[in-house]
Amino acid sequence: MVAPTGTPPEVVNKVNGVVNAFLRATGARPCFEQNALQGVGGSPEDLKTFIASELAKWKPVIETAKIRCR
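Thresholds, definitions, all that
Residues numbered from 1 in each chain as written. Predicted model: local features only at pLDDT ≥ 70, side-chain atom pairs only at ≥ 80, totals over all residues. Heavy atoms only, no water. Helix = DSSP H or I, 4+ residues; strand = E, 2+ residues; numbered from the N terminus. Rg over C-alpha atoms; globule rule 2.2 N^0.38 Å. Buried < 20%, exposed > 50% of the residue type's maximum accessible area, 1.4 Å probe, protein only. Areas by Shrake-Rupley, 256 points an atom, 1.4 Å probe, with all protein chains shown as cover. Lys, Arg positive; Asp, Glu negative; His and termini not counted. Charge placed at Lys NZ, Arg CZ, Asp CG, Glu CD.

Draft legend 1. Looking closely at the overall build of the protein. Each helix and strand in the protein was counted, giving three helices and zero strands. Going from N to C terminus, the protein has its helices and strands arranged as α-α-α. Taken over C-alpha atoms, the radius of gyration comes to 16 Å for the protein, far larger than the 11 Å a tight globule of 70 residues would show. Projecting the C-alpha coordinates of the protein onto the three principal axes gives extents of approximately 45 × 35 × 20 Å. Split into buried and exposed, the 70 residues of the protein put 4% on the buried side. Total accessible area on the protein is roughly 6,300 Å²; 62% of this is exposed by carbon and sulfur atoms. In the protein, 9 side chains carry a positive charge and 6 a negative one; their mean positions are 8 Å apart.

This is a description of form; function is not addressed.
So, in structure tokens, the structure goes:
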């Protein structure tokens, strides 16, 4: 899950805690698996690191393919 830039840290941390608790719950795994998804918990910093690595990984592909947003 992501939140808009500028969301107060206390809100981000509260939502993060609720999401991580859900991901640890017994019923979460089947819910994700039936939709071919993988729930990965972590901290807001973990998500920032993941997004940065994905941007770095896919940027050359996007540029080579000349993919543009409209």
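So, next bit.
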